[in-house]
Amino acid sequence: MNRLLLATAIASALIALPMNATASSHREAPAIGGSPRLDNTDVYAFNSYESGRTGFVTLIANFNPFQDPGGGPNFYPLDTNAQYTINIDNNGDAQPDIAFVFAFTNTYKDISLPVGGESVAIPILNPAMIGPGALDTTSLDRVETYSVDVVRNGQRRGDNMRHSDNRADSEVFIKPVDNIGNKSIPNYSAYAQQHIYSVNVPGCSNGGSRLFVGQRKEGFVVNVGEIFDLVNLNPLGAVDEEKNSLRGKNITTLALELPANCLTSGNDPVIGVWSTVGKSNVVSRGRGNERVIGRIDQVSRLGMPLVNEVVIGNPDKDAFNASSPADDGQFLTYVTNPVLPELLEVLFPVTAPDVFPRTDLVSVFLTGVDGLNKPINGVPSEMLRLNTTTPTRAAAAQNPMGVIGGDTAGYPNGRRPGDDVVDISLRVVMGVLLTPAQAPSGQLPFTDQAFVDASMFDSTFPYLLTPIPGSPNEATADGSVE
């Protein structure tokens, strides 16, 4: 196929993409685009680099993308008819050996105010300021709570995480309400901090585990508009020349921090991590204590960033979201024969790698890299892989280019918030791991020009920043008020 025909074919394919298919895996497939509360957007897995937390692993899964801070009156609750799961494969068989299953409940208190001699239900979430404590829900009409079931080897035994103080309601956790605004919650950072729980985890003998679920400032950084406009930027330009398209958005975060030896098995320190969302096929109705019922159908899946976004072809995007890593052989051609390098070659004076199959991409996305994060025994499958024995780097010492930048504690050895996965992925797909003969443009500094590094996040759990408040109108992207 000549270049003109190839350019036409690729442009047609891009036009066929849903117009709201943007970011790491934000609305990346036709079906999930219409169900944002079920949309799994980013997964992070890294050896904790907070001071004093050596030996712990942090797992983060984000959901419900493109949250405008002022999105009242309902804001962004998670789905009570869904199960949100963080999966761990610790023996390389592409099956979940440990699964942390989050289930959510909404309780409505029907707060009313006296109006002309009648008691009338309020139309907003809170009639007064919300106190700073985790248990102060007196001014909230809708209280979100959740439980976390720890499933091992597919066997549900009712093993739930518990508050470390083992109080009577020790299996129930309160999710902080979203950042309504500075009048409703004057110090949201302190309020959210009260919802970081110390927990006892079934099957983990070591203490010190932590849990947080709640709204955060969107952590993914990408120049998304220009990327999907036939890469309308300079892919060899300055890494910080363009704006982050998600800078004014929030996200909903599920975060766990656990001892590494609670996640690994035998003498293999490598774990595989991915998250899934399952939706009940029977919708529960009513206003209080809704729980998941009926058969659970998987509708979202995410491990490595950008896979379903820019690797999997349109006909298979929904199928990928519904699939298991153990069945990833059906998608192999998308990795061994990637389209993105051909697109960049058409649009810019660069040369796509001319070696097939792309075994370098197989090692990054499907097997893990020898000597870095490849399990002792492993089935090729797409997931984040983390070597839990890799020494950490403090935030100030991290290289946002991860492994290809000489920082083996970063992506694709797991993923930290400050890893620039877009630039890394562009350089890997263009052949940075290949020889110059195989990839003439492989050593060029490809970038989407939206900069990210660890300084843009907290250096303590849960690492992602306090969400942008909905008021005053308008808060800036960093959460301050103009």
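These figures come from a predicted structure and were not determined experimentally.

Draft legend 1. Structural detail: the overall build of the chain. Along the backbone of the chain there are 9 helices and 15 strands. Residue burial in the chain is summarised as follows: out of 482 residues, 55% are buried. Considering only intrachain contacts with a sequence separation of at least 6, the fraction spanning at least 24 residues in the chain is 69%. Accessible surface, the chain: about 19,300 Å² in total, of which carbon and sulfur atoms supply 53%.

Draft legend 2. Structural view of the packing of aromatic side chains. Tallied over the full model, the rule gives 11 aromatic pairs. Measuring from ring centre to ring centre gives 5.5 Å for F46 and Y49, while their planes differ by 35°; the resulting arrangement is tilted. Residue F46 shares its accessibility class with Y49, and that shared class is buried. Joined through ring pairs, the aromatic side chains of F63, Y84, F102, F104, Y146, F173 and Y197 make up one cluster. Above the ring of F56, the side-chain terminus of R53 is found at 4.0 Å from the ring centroid.

Draft legend 3. Spotlight on the pattern of salt bridges. Counting across every chain of the model gives 18 salt bridges. Two residues, K279 and D79, come together in a salt bridge whose shortest N-O distance is 2.7 Å. Taken together, the residues span a long stretch of sequence, with K279 in strand 13 (residues 270-282) and D79 in the loop between strand 2 (56-67) and strand 3 (82-89) at a distance of 200 residues. You can call K279 partly exposed: its relative accessible area is 21%. Put simply, K175 and E144 hold a salt bridge, and the shortest N to O gap is 3.0 Å. Taken together, the residues K175 in the loop between strand 9 (173-174) and helix 2 (188-193) and E144 in strand 7 (residues 142-152) connect sequence positions 31 residues apart. Here K175 matches E144 in class, with each residue buried. A single salt-bridge network, built from bridges that share partners, covers E50, R53, R210 and E257.

Draft legend 4. Geometry of the nonpolar core. The biggest cluster of nonpolar side chains holds 74 residues, and the ones touching the most others in it are L59, Y84, F100, F102, M161 and L211. Examining the composition of this core, we find that 6 residues originate from one element, helix 9 (residues 421-429), more than from any other. Counting residues in hydrophobic clusters, the runner-up holds 26 residues, among them Y49, I130, I185 and V452.

Draft legend 5. Expanded view of the pairing of strand 3. Most of strand 3 is tucked away, with 8 of its 8 residues classed as buried. Side chains A82, Y84, I86 and I88 project from strand 3 onto one buried face, and the interleaved Q83, T85, N87 and D89 project onto a second face that is buried too. Here strand 3 pairs with strand 4 (residues 98-108) via 6 bridges, running antiparallel. Paired with Y84 across the two strands is F102, which belongs to strand 4.

Draft legend 6. Main features of a nonpolar patch on the surface. Nonpolar side chains collect at one region of the surface, where L113, V115 and V120 lie side by side and expose about 240 Å² of accessible area between them. Relative to the assigned elements, V115 resides in strand 5 (residues 112-115).

Draft legend 7. A look at unusual backbone geometry. For the peptide bond that leads from G72 to P73, omega is 5°, which places it in the cis range. You can see P73 is positioned in the loop between strand 2 and strand 3. Looking along the chain, the bond that leaves F461 and enters P462 is cis, with omega of 10°. Here P462 lies in the segment after helix 9. With a phi angle near 50°, D110 is a residue other than glycine that sits in the positive phi range. Within the fold, D110 resides in the loop between strand 4 and strand 5. Located in the positive-phi region is Q449, a residue other than glycine, with phi close to 70°. Examined against the element boundaries, Q449 turns out to sit in the segment after helix 9.

Draft legend 8. Expanded view of the state of the cysteines. Taken as a whole, this structure holds 1 disulfide when the rule is applied. The disulfide that involves C204 links it to C262, with 2.5 Å between the sulfurs. Residue C204 is found in the loop between strand 10 (197-200) and strand 11 (209-217), and its partner C262 is found in the loop between strand 12 (250-259) and strand 13; the two are separated by 58 residues along the sequence.

Criteria and cut-off values
Residues numbered from 1 in each chain as written. Predicted model: local features only at pLDDT ≥ 70, side-chain atom pairs only at ≥ 80, totals over all residues. Heavy atoms only, no water. Helix = DSSP H or I, 4+ residues; strand = E, 2+ residues; numbered from the N terminus. Buried < 20%, exposed > 50% of the residue type's maximum accessible area, 1.4 Å probe, protein only. Contact = heavy atoms within 4.5 Å. Areas by Shrake-Rupley, 256 points an atom, 1.4 Å probe, with all protein chains shown as cover. Phe/Tyr/Trp six-rings, centres within 6.5 Å; stacked < 30°, edge-to-face > 60°. Lys NZ or Arg CZ within 6 Å of the ring centre and 35° of its normal. Salt bridge = Lys/Arg side-chain N within 4 Å of Asp/Glu carboxyl O. Core = buried A, V, L, I, M, F, W, Y, C linked by side-chain atoms within 4.5 Å. Pairing = 2+ DSSP bridges. Patch = residues over 30% accessible without salt bridge, like charges linked within 9 Å, V, L, I, M, F, W, Y side chains within 5 Å. Disulfide = S-S within 2.5 Å.

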